[in-house]
Amino acid sequence: DGSFLTSGTSLYEVIRAIEGVPLFWDEHMQRLRNSACLTGSIIPLNPSEIKDSVLKLIKTNEVDTGNIKIVFNYPAKNNTVCNFIVYFIKHSYPSDDDYKNGVDTILFHGERHTPEAKVADVSFLDVVSKEIADHGVYEAILVDGEGNITEGSKSNIFLLQSNSIYTAPGEKVLGGITRHYVMSVCKDNNLEVFEKCINYKDLQQIEALFISGTSPKILPVRRIDNLIFNSANHPIIRKLMQGYNQILCDYVSQAKLIYSGL
């Protein structure tokens, strides 16, 4: 039931599996090591051992598509002895209509304590999740103490204005794996991404925006509170969506060839 996350410190990664392939494995393991470094934690398993557990989970449950959570839970303060848990979690992937029309969001004034590390913050997530449920929206966009947009509660945010793309500086947000690939697709399409703080009071000047993450991939935003955007029909966002989906297809195809040769 996830209650162990409230005991001590928990480092975690959520990895999406498609056709039995855990996506972007090396990047997730690098981020896990970074989280361990930032928190002074010791990870007792190497990436190959962790991957063996993930593949065993997929095979044993005969479930090849979904979200898998990897957790290293440190009950004591010394962050040396830990519990290792790998399990499927409930996922909520956007519908075709969500990608076609965009989704609704709200602003939430608050920020995670360690944005650059993937550390479980159950109390904060509970508060944000309640706001999301109460308003019947897909995501909450976080605003820091200076009024700047940082990230979503479980996603990264990209904003478009005059063919330029803006996202919060890396030190203010979690270095999302999807965020990395979105920036790569932008580069491939000769689109410059500016890592710059955007104040929530300036949202009326934004043409369009989208969120990125493990479950949503690249997902256009239709509404923030009472502000309406035609993000789903913005040509740049449509092009980025196509580019990212192609990366996913190529990754899965190549990984399945490697797995078949093992």
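For the structure, see preceding data.
Since we're looking at a predicted model, the values are computed, not measured.

Rules behind the numbers
Residues numbered from 1 in each chain as written. Predicted model: local features only at pLDDT ≥ 70, side-chain atom pairs only at ≥ 80, totals over all residues. Heavy atoms only, no water. Buried < 20%, exposed > 50% of the residue type's maximum accessible area, 1.4 Å probe, protein only. Helix = DSSP H or I, 4+ residues; strand = E, 2+ residues; numbered from the N terminus. Pairing = 2+ DSSP bridges. Contact = heavy atoms within 4.5 Å. Axes fitted to C-alpha atoms, helices over the stretch in contact; angles between N-to-C directions. Expected span 1.5 Å × (residues − 1). Arc of directions from axis to C-beta.

Draft legend 1. Structural context of the pairing of strand β13 (residues 217–224). Within β13, six of the eight residues are buried, which leaves the element mostly enclosed by the surrounding structure. Here strand β5 (residues 103–109) pairs with β13 via three bridges, running parallel. Bridge assignment links Thr105 to a residue of β13, and that residue is Ile224. Across four bridges, the pairing between strand β12 (residues 208–213) and β13 is antiparallel. Each bridged residue has a counterpart across the sheet, and for Ser212 the counterpart in β13 is Ile218. Joining the antiparallel neighbours β12 and β13 is a turn of three residues.

Draft legend 2. Spatial organisation of unusual backbone geometry. Here Asn190, not a glycine, exhibits a phi torsion of approximately 60 degrees, which is positive. Within the secondary structure, Asn190 is located in the loop between α5 (177–188) and β10 (193–195). Taking the relative accessible area as the measure of exposure, Asn190 reaches 72% and is therefore exposed. Not every positive phi belongs to a glycine, and Asp225 is a case in point at roughly 55 degrees. Tracing the chain through its elements places Asp225 in the loop between β13 and β14 (227–228). For Asp225, a relative accessible area of 29% gives the class partly exposed.

Draft legend 3. Looking closely at the sheet that holds strand β4 (residues 83–89). The strand order β2-β1-β3-β4 describes an open sheet built from four strands, whose pairing is antiparallel. Here the strands that pair on one side only, and so sit at the sheet edges, are β2 (21–22) and β4. Sheet analysis places strand β3 (residues 66–74) next to β4, joined by seven bridges and oriented antiparallel. In the strand pairing of β4, Ile68 is matched with Phe88. Each of β1 (9–18), β2 and β3 is contacted by helix α1 (residues 25–39), which is oriented at about 175 degrees to β1, the strand it contacts most.

Draft legend 4. Spatial organisation of α1. Across its 15 residues, α1 extends 21 Å between first and last C-alpha, which sits within 8% of the 21 Å expected from 1.5 Å per residue. When we look at burial in α1, the residues that qualify are Trp25, His28, Met29, Arg31, Leu32, Ser35 and Ala36. Take α1 and look down its axis: the buried residues cluster within an arc of 160 degrees, on one side only. Exposed and facing more than 90 degrees away from the buried side of α1 are Asp26 and Cys37.

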